[in-house]
Amino acid sequence: MVIQWLIMKRSWIECYQIDMVDMMSTTVTISKLNEHVGETVTLAGWLYNSRIGSKVAFLIVRDGTGLCQGVVTKEEVEPEVFADAVHLTQESSVRVTGLVHADERAVGGYELHVTGLEPVHSAVEYPITLKAHGHDFLFKHRHLWLRSRRPTAIMKIRHTVIDAVRRFFNDNGFVLVDTPIFAPSAGEGAQTLFSVDYFGEPMYLAQTGQLYLESAAMAYGKVYCFGPTFRAEKSKTRRHLTEFWMVEPEIAYADLDDVMAVAEDFVYTIAQRVLAEHRADLEFLGQDVAVLERIRKPFYRLTYSQAVDILHGPQARELLEKDLAEKNARIEELKQSIPAKEQERDRPGVKKYRQEQLAAEVITEREELADLQEQVKNIPTHMELAAGFEWGKDLGGSDETIISRLHDRPVFVTHYPRGCKAFYMKQDPHDSRLVKNFDLLAPDGYGEIIGGSQREDDLDVLLERMAEEGLATEPYEWYLDLRRYGSVPHGGFGLGIERTVAWLCGLRHIRETIAYPRLMGKVYP
RNA sequence: UCCCCGAUAGCUCAAUUGGUAGAGCGAGCGGCUGUUAACCGCUAGGUUGCAGGUUCGAGUCCUGCUCGGGGAGCCA
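Residues numbered from 1 in each chain as written. Chains lettered and ligands numbered in written order. Predicted model: local features only at pLDDT ≥ 70, side-chain atom pairs only at ≥ 80, totals over all residues. Heavy atoms only, no water.

1. Overview of unusual backbone geometry
Heads up, the condition is: Strands here mean DSSP runs of E at least two residues long; helices mean DSSP runs of H or I at least four residues long; both are numbered from the N terminus.
The omega torsion of the bond from Lys297 to Pro298 falls at -5 degrees, within 30 degrees of zero and hence cis. Mapped onto the elements of the fold, Pro298 is located in the loop between helix H9 (289-293) and strand S13 (300-303). Unusually for a residue other than glycine, Glu91 sits at a positive phi of about 70 degrees. Relative to the assigned elements, Glu91 resides in the loop between helix H2 (79-87) and strand S5 (93-102).

2. Observations concerning the protein's contact with RNA strand B
Worth spelling out the cut-off: In this text, near means that some heavy atom of the residue lies within 4 Å of the molecule or strand in question. The definition of a polar contact used here is a pair of N or O atoms within 3.5 Å, where within protein one atom must be able to donate a hydrogen and the other to accept one, and adjacent residues in sequence count solely through side-chain atom pairs. Charged residues are taken to be Asp, Glu, Lys and Arg, nonpolar residues to be Ala, Val, Leu, Ile, Met, Phe, Trp, Tyr, Cys and Pro, and polar residues to be all remaining types, Gly included.
In the region of RNA strand B, 56 residues are neighbours, and Asn49, Arg51, Gly53, Glu374 and Glu448 sit closest. Backbone atoms, meaning sugar and phosphate, form 62% of the atoms of RNA strand B found within 4 Å of the protein. Between His133 and RNA strand B, the recorded distance is 2.5 Å, taken from a side-chain N or O atom to a sugar or linking oxygen. Ranked by residue count, the leading element in the surface near RNA strand B is helix H12 (residues 352-387), at 11 residues. Of the residues belonging to the surface near RNA strand B, the class tally is 14 nonpolar, 19 polar and 23 charged.

3. Here's the deal with the packing of aromatic side chains
Note the cut-off: Aromatic pairs are defined between Phe, Tyr and Trp rings, using the six-membered ring for Trp, whenever the two ring centres lie within 6.5 Å; interplanar angles under 30 degrees are classed as stacked, those over 60 as edge-to-face, and all others as tilted. Note on geometry: a ring has a charge over it if NZ (lysine) or CZ (arginine) is within 6 Å of the ring centre and within 35 degrees of the ring normal.
Within the structure shown, the criterion is met by 21 aromatic pairs. Both rings, one in Phe423 and one in Tyr424, keep their centres 5.5 Å apart while their planes meet at 75 degrees; by these two values the pair is edge-to-face. Connected via pairs of aromatic rings, a cluster forms that spans Phe168, Phe169, Phe174, Tyr224, Phe266, Phe299, Phe412, Phe438 and Phe493. Above the face of the Phe389 ring, Lys393 is positioned so that its terminal group lies 5.2 Å from the ring centre. The lysine or arginine in question, Arg483, covers the ring of Tyr479, its NZ or CZ lying 4.3 Å from the ring centre.

4. Comments concerning the packing of helix H5 (residues 149-171) against helix H7 (residues 256-277)
Two quantities define a packed helix pair, namely the angle between the axes and the distance from one axis to the other. Note the cut-off: Axis angles are defined between N-to-C directions and span 0 to 180 degrees, where every axis is a line fitted to C-alpha atoms and, for a helix, only to the segment in contact. Note on angle classes: values under 35 degrees are labelled roughly parallel, values over 145 roughly antiparallel, values of 65 to 115 roughly perpendicular, and the remainder oblique. Left-handed is the label given to a crossing in which the near helix is rotated counterclockwise from the far helix by less than a right angle, and right-handed is the label when the rotation is clockwise. The contact criterion used is simple: two residues touch if any of their non-hydrogen atoms lie within 4.5 Å.
Two elements in contact, H5 and H7, have axes whose closest approach is 9 Å; the angle formed by their N-to-C orientations is 140 degrees. In this view, H5 runs oblique relative to H7, as classed from their interaxial angle. Both H5 and H7 take part in a crossing whose hand is right-handed. Judged by residue contacts, Ile157, Thr160, Val161, Asp163, Ala164, Val165, Arg167, Phe168 and Phe169 of H5 engage Val262, Asp265, Phe266, Thr269, Ile270, Arg273, Val274 and Glu277 from H7.

5. Remarks on the sheet that holds strand S8 (residues 182-183)
Threshold: Each pair of strands is called paired provided DSSP finds at least two bridges between the two strands.
Strand order in the open sheet formed by 3 strands is S8-S10-S9, and the pairing between neighbours is antiparallel. Here the strands that pair on one side only, and so sit at the sheet edges, are S8 and strand S9 (195-198). The pairing of S9 with strand S10 (residues 201-205) spans 4 bridges and is classified as antiparallel. The partner of Val196 across the bridge, within S10, is Met203.

6. Remarks on the pairing of strand S6 (residues 110-121)
For a regular strand, side-chain orientation follows a simple rule: the groups alternate between the two sheet faces. Relative to S6, strand S4 (residues 67-73) is paired through 3 bridges, and the arrangement is parallel. The partner of Gln69 across the bridge, within S6, is Glu111. As defined by bridge partners, S5 adjoins S6 across 10 bridges and the pair is classed as antiparallel. Residue Thr97 lies in a different strand from S6, and its bridge partner there is Gly116.

7. Structural notes on a nonpolar patch on the surface
Condition: Residues with no salt bridge and a relative accessible area higher than 30% make up the patches, which join like charges within 9 Å and nonpolar side chains (Val, Leu, Ile, Met, Phe, Trp, Tyr) within 5 Å. Residue-level accessible areas treat just the shown protein chains as cover; the underlying method is Shrake-Rupley with a 1.4 Å probe. A pairing counts as a salt bridge when a side-chain nitrogen of Lys or Arg comes within 4 Å of a carboxyl oxygen of Asp or Glu.
Judged by side-chain polarity, Phe182, Tyr198 and Phe199 come together as a nonpolar surface patch covering roughly 370 Å² of accessible area. Structurally, Phe182 is set in strand S8.

8. Side note on the sheet that holds strand S11 (residues 222-230)
Ordered by their spatial adjacency, 8 strands build an open sheet running S7-S11-S12-S19-S18-S17-S14-S13, and the pairing between neighbours is mixed. If you trace the sheet from one side to the other, it starts and ends with strand S7 (175-176) and S13, each paired once. In terms of strand pairing, strand S17 (residues 437-442) meets strand S18 (residues 447-454) through 6 bridges, oriented antiparallel. By the bridge assignment for S18, Phe438 is matched with Gly452. Most of the contacts of helix H16 (residues 497-505) go to strand S19 (residues 490-496), to which it runs at about 60 degrees, and overall it touches S11, strand S12 (243-252), S17, S18 and S19.

9. Some words on the nonpolar core
Stated formally: Put simply, buried Ala, Val, Leu, Ile, Met, Phe, Trp, Tyr and Cys residues joined by side-chain atoms within 4.5 Å make one nonpolar core. Think of it in three bands: with a 1.4 Å probe and only protein chains considered, a residue is buried below 20% of the maximum accessible area for its type, exposed above 50%, and partly exposed in between.
Core analysis: the biggest nonpolar cluster contains 50 residues, and Val161, Val247, Phe266, Phe438, Ile450, Ile497 and Leu504 have the highest contact counts within it. The residues contacting Ile450, other than those within four sequence positions of it, are Ala263, Val267, Phe438, Asp439, Leu440, Phe493, Gly494 and Leu495. Ala57, Leu88, Leu112 and Val114 belong to the second largest nonpolar core, which has 22 residues in total.

10. So, the packing of H5 against H16
Packing of H5 against H16 brings their axes to within 10 Å, and their N-to-C directions diverge by 120 degrees. Taken together, H5 and H16 sit at an angle that is classed as oblique. The hand of the H5/H16 crossing is right-handed. Along its contact with H5, which presents Ile154, Ile157, Arg158, Val161, Ile162 and Val165, the element H16 presents Ile497, Glu498, Val501, Leu504 and Cys505.

11. Focus on helix H10 (residues 304-312)
We count it as follows: The directions from the helix axis to the C-beta atoms are what the arc is built from.
What H10 keeps buried is the set Tyr304, Ala307, Val308, Ile310 and Leu311. The arc that holds the buried residues of H10, viewed along the axis, is 155 degrees, so those residues lie on one side.

12. Overview of the environment of Thr160
Topologically, Thr160 is positioned in helix H5. Placed 247 residues apart in sequence, Thr160 and His407 show a C-alpha to C-alpha distance of 26 Å. Beyond its immediate sequence surroundings of up to four residues, Thr160 is in contact with Arg273, Val274, Glu277 and His278.

Worth remembering: the numbers are spatial, not functional.
Pasting the structure below:
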């Protein structure tokens, strides 16, 4: 009883304190500080960093909308306030009250001349410091790392990308139809699906909603689905996740060109939104905004056969040779500069801060060196793969990289051989070896961000194609019905959200584009 | 599934041909400053991923394993 009473009393006191603060000033977000210059306001956030002096304490506070520097001047505040400021640890939660000033010296352009501090919770030894960390450590602390500036910038861009995706389809007459995640049949390539026990029956996690979406397109004309998708591929590369988000539109009465026109407009629109709303975030991430500004309609269009010719031709070879030469030159440069910097670092009499600066540069350059050496090692393989590419195979990752790097805008590659593509794609009436499909390759080696096609709408051709693939028709009877009751030309595509975000942000690895990446052998946290 | 690379203090990294494991950050204390990953001084901090082997002596060489990174295949 007594304890309960104490808890009640304590929480009452805390409420009372909050009320006191509220009475004195309104709580605002850092993003809205520009509307409150000259007013006393309260920020509710966490301590990002502090620089403590004998007369002035600088508190960098973050609240999820931005960073703001609070200035605590010893002479101007109550002694307890200054003492609280000195003892606040990194990532402690805190309410800060003060007068808003515009100040170019401060991060974000505004700062708070602090009059009151209300520590809410004191954090103990926050593991993520403002110094360098390795990605392994950071991903083990992903639940905390999300608070840092880099993940914040990426998550906000991802948010905008997803909003742009939904708005594009909603504004253009598409109906959202959610497709099931439990999929009864393995469909294409059972080995790449995760299986689950469904009340004793084998089931799979969906890797596409497309077949279901085709039925919805026959019902509502233009439809889309957006959700997680799962691939059990044992791929450990910077382009792969086992769980990722995909948006898939499907359009009735549309041929390949119609679908591609939508895809082109769609990607262009997304890029424009990101460019319009996230210049600062992109710059913080070190992304060259010009990369996005170059995204203009029309995108390049190549057929698969033209792409193969490029791989066999002098262009691809020259690109890789030039690449190899440039990377080797940079490697030589680094091999000189690293020991030079180490020497300077270890020379007696060098200031400590300079030592640290040099040590940091050495680490960065060593990483760059290792990365380049690895890339250089792979280039001959990529050259061989390109030169020896056989017509009929699917384009590999390195082949796509070559094609995309030879273009400064996204590239459509169309009309692949039907043997390397799924059974539902429409045969090209002009060349039965080909299907009416397309992949959209993002520039700079970010790979295929879209795969799409016109679908086979002729029942007999579809049945023939399924037999060729050794697929039983029984589980697909409902799908075949769509070709029995008012079949029309139709098609659609799927866009991978994470690859798109990685490309727009210029990220080296896709795992940074999702809050909790799921990779082969990595599921914590 | 195959190929290459890696694992040293809480974190980021050093450690010459095999010869007494170090620095910075972070933590604690003190100083100083409209500071910008602030700075300066002091203190504490280690079974070098695990198991074997070679050697007078192994962080360093060899074998196996575990975990991680990159690439091929496959894919968004």
